[in-house]
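If you want the building blocks of each chain, they are given just below.
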Amino acid sequence: MSYRFLRYPKCLPLGSVALSLAACAVSAASSTTVAMTYPMTTETWQGEKATFASDEAFPEGLMTVSEGFAVLKVGSFAEGTVEFDIKPLAYADTGIVLHRRDADTAEFIYLRANPDCPAANDCVQYAPITNGRMQWNAYARFQNRAPVVASGWNHLRIVIADGRLRLFVNHAGEPSLDVPRLQGIADRGGIAVKGPAIFANFVVRPEDKGSPAPLPVDVAPPGVVHHWLLGPVTPAPANGIPSANDIPNTGWQRFEAEPDGLANLARAIPKNDSPRRQIAWLKVEVDAVADGTRTLDLGFVPRAWLFLNGAQIYSGENFYYPAEKRLAPAGRFAPDNARVEVPLHKGKNTLVLATDDAWRRPDGTLRPDHYGWAAMARFEQPAGLTLR
């Protein structure tokens, strides 16, 4: 069932989602503009660290979220426009969660408010949350500078249409973020906001999908591995370092990378709630017309080990901590975090990529990662190679 709403009605919950939505619903014939305003009240929002206040300058009230999330109690959202005002209270990932099924599944759009925002390419960011992993470091291409006011109010307008997301900041005519294809696994769900911040003037227009604009197209360059085999996940060895002897013998299944070549393991592998880290395995067969060494661009977070025909030829780390160990760009995924020389022989070669879900804390200890887990491989000189 779909609902249509009067422009800027005050919609107060009446004890259930169905009742509150029905109370505000009107037919298409009675209004050509669809909108819903959600007051900043305890009847509409729920959060352990959320407080509410009235202010004559903000008729629908103010909500301060000092820590964590506040969840909208009513309705769900799939497509359209969401806009609101946000006043960040600290340099942190403050923003909004859409398509929320639960704490482990959503789309996260946030800002890191600071005076450098108009020039800093990490001011605003989109990151999917899948299987409990917030994948900020796997999608560095979805971050950008923005006209954000560091210590004052900012107006955010988010438009989702046909799986595409655009973020407009402070009434700008051009989006600060343009995500051609949302990377989460839910196309509908609840809404939540994240502090520390103050929120106001929260409006949803489900039928407002913005003005049409040319869609950015991801075209993978030649040589990208699109078709992998994904092996069964194995527990990390006691020393945390996999060897050729740990490569699974059975249980391999076909695994398709995204159109640009990113193999998103956070989406494919269930959440790891145990304290023991896991190893994921990707395999591809490479047929070469002649002996020769080829350069392989390798992207990964957080760690990778590469095996060719049963022998290790590379290992690397791409942790965020310590700062001096980060691979470009700044400890995030890139298609060319590393370049590896691969000595292929004529005929069939087996390339196996192992990567784990470790996250290094500032104190140097490792734990299972709750962030991005991804890999990508591309041969710079693919002529004469067949990838199977």
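Predicted, not measured: the structure shown is a model, and the values here were computed from it.

Visitor: Even after reading the chapter, I still don't get the state of the cysteines, so can you show me in this structure?
Guide: What we call a disulfide is simply a covalent bond connecting the sulfur atoms of a pair of cysteines. Counted under the stated rule, the structure contains 1 disulfide. For Cys117, the disulfide goes to Cys123, at an S-S distance of 2.1 Å. Taking the torsion about the S-S bond as the criterion, the Cys117 to Cys123 disulfide, at about 90°, is right-handed. The exposure class assigned to Cys117 is buried, which follows from its relative accessible area of 0%. Cys123 gets classed as buried once you look at its relative accessible area, which sits at 0%.

Visitor: Hey, could you run me through the sheet that holds strand β24 (residues 292-301) in this one?
Guide: Paired through backbone hydrogen bonds, the strands of a sheet run either parallel or antiparallel to each other. With antiparallel pairing, 4 strands are arranged side by side in an open sheet as β22-β31-β24-β27. At either end of the open sheet lies a strand with only one pairing partner, and these are β22 (263-264) and β27 (338-344).

Visitor: I keep staring at the pairing of strand β28 (residues 347-356) and nothing clicks. Help me out?
Guide: Side-chain positions along a regular strand alternate between the two faces of the sheet. In terms of residue burial, β28 counts as a mostly covered element, since 7 of its 10 residues are buried. In terms of strand pairing, strand β23 (residues 278-288) meets β28 through 10 bridges, oriented antiparallel. Bridging across to β28, Lys283 finds its partner in Val352. Both strand β25 (residues 303-308) and β28 contribute to a ladder of 4 bridges, which runs antiparallel.

Visitor: Please clarify how the side chain of Arg360 should be interpreted in this entry.
Guide: With respect to the secondary-structure elements, Arg360 resides in strand β29 (residues 358-360). The buried category is assigned to Arg360, whose relative accessible area is 17%. With near-sequence residues (within four places) excluded, Arg360 lies in contact with Glu317, Phe319, Tyr321, Pro322, Thr365 and Leu366.

Visitor: What is the right way to look at the pattern of salt bridges in this model?
Guide: Where charged atoms from two side chains of opposite charge approach closely, those side chains can pair. On inspection of all chains with the given rule, the structure shows 17 salt bridges. Lys271 serves as the salt-bridge partner of Asp104, at 3.2 Å between the closest nitrogen and oxygen. Of this pair, Asp104 sits in the loop between β9 (94-102) and β10 (105-111) while Lys271 is found in the loop between α2 (265-268) and β23, placing the two residues 167 residues apart along the sequence. Here Asp104 falls in the partly exposed class, since its relative accessible area comes to 26%. Under the relative-accessibility criterion, Lys271 is labelled partly exposed at 34%. A salt bridge links Arg303 to Asp356; the nearest nitrogen and oxygen atoms lie 2.6 Å apart. One end of the pair, Arg303, is in strand β25; the other, Asp356, is in strand β28, with 53 residues separating them in the sequence. With a relative accessible area of 0%, Asp356 lands in the buried category. Here the residues in one salt-bridge network are Arg141, Glu258, Asp260 and Arg267, joined through shared partners.

Conventions and cut-offs
As a convention, each chain's residues are numbered from 1 in the sequence order in which they are written. Reporting of local features is limited, given that this is a predicted model, to residues whose pLDDT is at least 70; pairs of side-chain atoms are given and counted only at 80 or more, and all residues count toward the totals for whole chains, interfaces and linings. In computing side-chain properties, one takes all heavy atoms of the structure into account and sets aside hydrogens as well as water. Disulfides are defined in this document as cysteine sulfur pairs within 2.5 Å. Burial status follows relative accessibility: with a 1.4 Å probe on protein chains alone, a residue under 20% of its type maximum counts as buried, one over 50% as exposed, and anything between as partly exposed. Strand pairing is defined by DSSP finding a minimum of two bridges between the two strands. Secondary structure is summarised from DSSP: a helix means a run of H or I of at least four residues, a strand means a run of E of at least two, and numbering begins at the N terminus for each. The contact criterion used is simple: two residues touch if any of their non-hydrogen atoms lie within 4.5 Å. We define a salt bridge as a side-chain nitrogen of Lys or Arg found within 4 Å of a carboxyl oxygen belonging to Asp or Glu.

Note that every value here comes from positions in space, so none of it alone points to a role or purpose.
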